[in-house]
Amino acid sequence: MTTAFVLSGGGSLGAVQVGMLQALADRGIRPDLLIGTSAGAVNAAFVAGPGVWPDGLGELAQVWTELRRKDVFPIQPAHELLALSGFRSSLCSDRGIRRLVDAHLSYRRLEDAAIPVHVVATDLITGMETLFSTGEARSAILASCAIPGIFPPVARGGSTYVDGGLADNAAISQAVNLGADTIYVLPGGNACALTRAPTHPVAIALQALTLLIQNQLIRDVAHYATRVSLIVLPPLCPLEVAPLDFGRARQLIDRARGSTIAWLDSDRPQPKHPERLLALHDHRGG
């Protein structure tokens, strides 16, 4: 039996996955392989080094807790003006993500990770999903996180890549192709309880991307639910944290850990249609 953990994206909502990983580890559930996209690629790559154990997950939780928006999305008017004038390829620099990867990743090449890890990106020319399983880890992660217009695209192996969420964020099909017969899907979720729409261009792009991710995930789960043993961990709901809000990571981690443990311990059978756990909705009423 081969168990895969599939981690989707979602900006700051990637902190939710840390709590889910802690809950799975608490119950002795560990992966044989990891597949990540965007923020999920950062989490997957991190835990692929030390493994899904309390010490490593505690360090990952600490990293998320200390992150602030400026560390990941350095919104600078001068850089934005240059981007709008055509002198930069993105509104934000990816130096913050580079620093995070360099500071916390325990290996340089993907094939050197303790747990096999695979990172999803999108070819900017063809729109095709690309799975990075070998080669430099940093460029693979940066490519997977390169939200178009927000972060610069990444050149690798003669091609140019952007965020993997544009092609197949959940990457369940890739887990199946890699031989996984039990797949745990760890969604970041979406901010279903926001009281108002975001107004900054970066915040708007992130919110839109999380909705795209969720829609893609719903389709993938529905397609594969009867083909493999697919366990979709329920996302947090209601969720009022925007994907650009990095100041509430501890709350997200603790809440996700508690809710996931409760769900795992409930002994409830997987629903016939697990994609319904992910249905888009809001809590505005009326």
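In case you missed it, the structure is sitting above this.
These remarks concern the structure in this document. Since we're looking at a predicted model, the values are computed, not measured. (Residues numbered from 1 in each chain as written. Predicted model: local features only at pLDDT ≥ 70, side-chain atom pairs only at ≥ 80, totals over all residues. Heavy atoms only, no water.)

### Some remarks on the nonpolar core
Part 1 of the argument: Phe 5, Leu 34, Trp 64, Phe 73 and Leu 186 are the most contacted members of the largest nonpolar core, which totals 70 residues.
Part 2 of the argument: Beyond its immediate chain neighbours, meaning those up to four positions away, Leu 186 contacts Phe 5, Val 6, Leu 7, Ser 8, Gln 17, Met 20, Leu 21, Leu 24 and Leu 233.
Part 3 of the argument: Of all hydrophobic cores here, the second largest spans 19 residues; its members include Ala 4, Ile 35, Ala 175 and Ile 183. (Core = buried A, V, L, I, M, F, W, Y, C linked by side-chain atoms within 4.5 Å. Buried < 20%, exposed > 50% of the residue type's maximum accessible area, 1.4 Å probe, protein only. Contact = heavy atoms within 4.5 Å.)

### Topic: the environment of Cys 237
Part 1 of the argument: Relative to the assigned elements, Cys 237 resides in the loop between strand E8 (229–232) and helix H11 (249–265).
Part 2 of the argument: You can call Cys 237 partly exposed: its relative accessible area is 39%.
Part 3 of the argument: With 16 residues separating them along the chain, Cys 237 and Ile 253 place their C-alpha atoms 14 Å apart.
Part 4 of the argument: Ignoring any residue separated from it by four or fewer positions in sequence, one finds Cys 237 in contact with Cys 192, Arg 255, His 281 and His 283. (Helix = DSSP H or I, 4+ residues; strand = E, 2+ residues; numbered from the N terminus.)

### As for the packing of aromatic side chains
Part 1 of the argument: Counted by the stated rule, this structure contains 5 aromatic pairs.
Part 2 of the argument: Between Phe 5 and Tyr 184 the ring centres are 5.6 Å apart and the planes differ by 70 degrees, which places this aromatic pair in the edge-to-face class. With Phe 5 in strand E1 (residues 3–7) and Tyr 184 in strand E7 (residues 182–186), this pair connects stretches of sequence that are 179 residues apart.
Part 3 of the argument: Accessibility expressed as a relative area gives 0% for Phe 5, which makes it buried.
Part 4 of the argument: A relative accessible area of 12% places Tyr 184 in the buried class.
Part 5 of the argument: For the pair Phe 132 and Tyr 161, a centre-to-centre distance of 5.0 Å together with 80 degrees between the ring planes defines the contact as edge-to-face. With Phe 132 in strand E4 (residues 129–132) and Tyr 161 in strand E6 (residues 159–163), this pair connects stretches of sequence that are 29 residues apart. Taken as a pair, Phe 132 and Tyr 161 share a single burial class, namely buried. (Phe/Tyr/Trp six-rings, centres within 6.5 Å; stacked < 30°, edge-to-face > 60°.)

### Considering the pairing of E7
If a strand is regular, its side chains alternate between the two faces of the sheet.
Part 1 of the argument: With respect to burial, E7 is a largely interior element, 5 of its 5 residues being buried.
Part 2 of the argument: Judged by which residues are buried, E7 turns out to be covered on both faces: Thr 182, Tyr 184 and Leu 186 on one side and Ile 183 and Val 185 on the other are all buried.
Part 3 of the argument: One ladder, built from 5 bridges, connects E1 with E7; its direction is parallel. Of the residues in E7, the one forming a bridge with Phe 5 is Tyr 184.
Part 4 of the argument: After leaving E7, the chain enters helix H10 (residues 201–224) and then returns to the sheet as E8, a path that is right-handed. (Pairing = 2+ DSSP bridges. Right-handed = clockwise from strand over helix to strand, strands pointing away.)

### Describing the side chain of Ser 8
Part 1 of the argument: Counting through the fold element by element, Ser 8 comes out in the loop between E1 and helix H1 (15–26).
Part 2 of the argument: Here Gly 188 takes part through its backbone nitrogen, which lies 3.5 Å from a polar atom of the side chain of Ser 8. (Polar contact = N/O pair within 3.5 Å; in protein donor to acceptor, adjacent residues only side chain to side chain.)

### Concerning the state of the cysteines
Part 1 of the argument: Enumeration according to the criterion identifies 0 disulfides in this entry.
Part 2 of the argument: Left unpaired, Cys 92 is separated from the closest cysteine sulfur, that of Cys 145, by 13 Å. (Disulfide = S-S within 2.5 Å.)

### A look at the pattern of salt bridges
Part 1 of the argument: If you walk through the whole model with that rule in mind, you get 9 salt bridges.
Part 2 of the argument: Between Asp 26 and Arg 257 there is a salt bridge, with the nearest N and O atoms lying 2.9 Å from each other. On the criterion of sequence distance, the pair formed by Asp 26 in helix H1 and Arg 257 in helix H11 is long-range, its members being 231 residues apart.
Part 3 of the argument: Arg 27 is paired through a salt bridge with Asp 265; the nearest N and O atoms lie 2.7 Å apart. (Salt bridge = Lys/Arg side-chain N within 4 Å of Asp/Glu carboxyl O.)

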